[in-house]
Amino acid sequence: MAFKRFQNIVAESRLMLPFASLVAIGACYMTGLVADMLWMQLVCLTLSTYLILELNRSNQLLRVRSQMVSSMFLLLVCASIFLFPDLRSEILELCMIALYMMLFHCYQQRKSSGWVFYGFFCLGLASMVFVQVLYYVPILWILMYHHLRTMSMKTFCASLLGVVTPYWFVSAYYLYNGEFSFFSNHFKELGVFSPLWDYSGVTEQQYVAFGWTVLLAVVGIIHYLNQGYHDKTRTRMLYGMLMVLDVLTIAFLVLQPQHYSLLMPIIIVNTAPLIAHYMTLTHSWYTNFSFSLIILITLAITAYHIWMPSSNFLSAMVMSACSYLPL
């Protein structure tokens with residue numbers, strides 16, 4: 001048995017998830033949970049945390065008993081806590097985790113049309129708030145064929161039906177209210193692209209959160225490509241799916257940064273299992289050091305995001321007070 005270092009003891013501890021939950025609750029409170037009545041966002045975040053906990057448990061993403069996947073998910077959410085007030089981001093996050101839960105059940109089951117339908121139904125719900133998520137449909141078909149080994153004519157038809165079903169329900173509402181232009185305006189966004197590499201609207205906070213999350217994604221991907229052979233074939237296929245979607249989403253955000261607030265949640269969902277695998281199943285002295293460093297830097301970035309708005313507020317107050325002073 002490998003020697004357990006500090007990182008392994010903490011990663012396998014039952015206290016890691018409560019700690020991450022306390023950090024998340026504190027960060028949400030400081031971001032305006034009570035003041036701005038962001039209760040719906042909190043409900044979505046809570047459901048997302050529960051689902052990603054079940055995603056780890058039911059698919060054995062980690063070879064040891066650990067809550068590190070859900071813990072790192074919460075900490076990465078805190079590292080982008082400025083996205084929390086945006087309800088669309090939380091809905092998209094929840095739908096993507098639900099999509100993975102459904103599709104992972106379909107591994108090597110070509111007759112699992114029901115799970116495929118429910119998974120793509122979640123994707124259809126996500127497309128209601130971010131229509132560009134439909135770009136993932138052909139990618140998911142390829143991954144279903146190559147990684148999940150579940151593609152068949154029945155599952156293909158089930159995926160199409162799942163994506164379309166949410167629009168059937170919504171269409172009744174809009175037709176009843178006479179808003180016939182909803183669908184044309186909604187799907188027209190699929191063909192709208194901003195100039196490439198246009199970062200004029202990206203803030204300093206967004207740069208920091210994106211850079212740190214991508215760095216963790218790179219660390220997790222490199223680690224898994226080197227050490228993933230220890231896992232079962234099924235687990236390797238699931239992680240391979242997460243890596244492909246993570247890289248493509250990062251490339252999407254780099255090319256079209258105007259979608260930052262709706263692509264970052266997808267990157268966080270994909271990155272959390274990858275970096276959790278690295279932090280839980282490594283044993284060397286430098287990974288032990290990097291474990292503590294990752295936790296501390298993530299907490300520092302969270303504090304930075306919380307401090308920045310209050311700092312700007314205090315600066316504005318000071319400037320306003322100084323304007324009344326005789327000079």
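What comes next concerns the included structure. The structure displayed is predicted, hence computed values, not measured ones.

Each value, and the rule that gives it
Residues numbered from 1 in each chain as written. Predicted model: local features only at pLDDT ≥ 70, side-chain atom pairs only at ≥ 80, totals over all residues. Heavy atoms only, no water. Helix = DSSP H or I, 4+ residues; strand = E, 2+ residues; numbered from the N terminus. Rg over C-alpha atoms; globule rule 2.2 N^0.38 Å. Buried < 20%, exposed > 50% of the residue type's maximum accessible area, 1.4 Å probe, protein only. Contact = heavy atoms within 4.5 Å. Areas by Shrake-Rupley, 256 points an atom, 1.4 Å probe, with all protein chains shown as cover. Lys, Arg positive; Asp, Glu negative; His and termini not counted. Charge placed at Lys NZ, Arg CZ, Asp CG, Glu CD. Axes fitted to C-alpha atoms, helices over the stretch in contact; angles between N-to-C directions. Parallel < 35°, antiparallel > 145°, perpendicular 65-115°, else oblique. Left-handed = near helix turned anticlockwise from the far one by under 90°. Nonpolar A, V, L, I, M, F, W, Y, C, P; charged D, E, K, R; others polar. Phe/Tyr/Trp six-rings, centres within 6.5 Å; stacked < 30°, edge-to-face > 60°. Patch = residues over 30% accessible without salt bridge, like charges linked within 9 Å, V, L, I, M, F, W, Y side chains within 5 Å. Salt bridge = Lys/Arg side-chain N within 4 Å of Asp/Glu carboxyl O.

Turning to the overall build of the protein, a few remarks are in order. Counting its secondary structure elements, the protein contains 13 helices and zero strands. Along the protein, helices and strands appear, N-terminal first, in the series α-α-α-α-α-α-α-α-α-α-α-α-α. In terms of overall dimensions, the protein is globule-like: its C-alpha atoms have a radius of gyration of 21 Å, near the 20 Å expected for 327 residues. Its C-alpha atoms put the protein at 80 × 65 × 35 Å along the principal axes. Residue burial in the protein is summarised as follows: out of 327 residues, 50% are buried. For the protein, restricting intrachain contacts to residue pairs at least 6 apart in sequence, the fraction spanning at least 24 positions comes to 80%. Here the protein displays about 16,100 Å² of accessible surface, and carbon together with sulfur accounts for 71% of that area. Side-chain charges in the protein split into 15 positive and 12 negative, and the spacing between the mean points of these groups amounts to 20 Å.

Moving on to the packing of helix H7 (residues 136–146) against helix H11 (residues 233–255). Where H7 meets H11, the axes come as close as 11 Å, and the angle between the chain directions of the two elements is 160 degrees. Classed by the angle they form, the pair H7 and H11 counts as roughly antiparallel. For the crossing formed where H7 meets H11, the hand is right-handed. Here H7 contributes Tyr-136, Ile-139, Leu-140, Leu-143 and His-146 to the contact with H11, which in turn contributes Met-237, Met-241, Val-244, Leu-245, Leu-248, Thr-249 and Phe-252. Here the contact of H7 with H11 is composed, by residue class, of ten nonpolar, two polar and no charged.

This brings us to the packing of aromatic side chains. As enumerated under the stated definition, the model contains 15 aromatic pairs in all. Ring centres of Phe-6 and Phe-291 lie 6.2 Å apart, and the angle between their planes is 80 degrees; on these two criteria the pair is classed as edge-to-face. With Phe-6 in helix H1 (residues 6–11) and Phe-291 in helix H13 (residues 285–322), this pair connects stretches of sequence that are 285 residues apart. The exposure class of Phe-291 is buried, given its relative accessible area of 2%. Ring plane angle 25 degrees and centroid distance 4.4 Å describe the contact between Tyr-224 and Tyr-239, whose orientation is recorded as stacked. Remark: Tyr-239 occurs in helix H11 and Tyr-224 occurs in helix H10 (residues 204–227); sequence separation between them is 15 residues. You'll find Tyr-224 and Tyr-239 in the same group, each marked buried. Pairwise contacts between aromatic rings join Phe-117, Tyr-118 and Phe-121 into one cluster.

Moving on: unusual backbone geometry. With phi around 50 degrees, Gln-60 is a residue other than glycine that occupies positive phi space. Its place among the elements puts Gln-60 in the loop between helix H3 (39–59) and helix H4 (68–79). Positive phi values are uncommon outside glycine, yet Arg-149 reaches one of about 55 degrees. As for its placement among the helices and strands, Arg-149 is situated in the loop between H7 and helix H8 (153–176).

Another aspect to go through is the side chain of Thr-302. Tracing the backbone through its elements, the reader meets Thr-302 in helix H13. Judged by relative accessible area, Thr-302 falls into the buried class, the value being 5%. Beyond its immediate chain neighbours, meaning those up to four positions away, Thr-302 contacts Ala-27, Cys-78 and Ala-79.

Time to look at a nonpolar patch on the surface. Side chains of Tyr-29, Met-30, Val-34, Met-37 and Trp-39 sit close together on the surface and give an oily, nonpolar patch of about 560 Å² of accessible area. The residue Tyr-29 is located in helix H2 (residues 16–30) in this model. Here Tyr-29 falls in the exposed class, since its relative accessible area comes to 51%.

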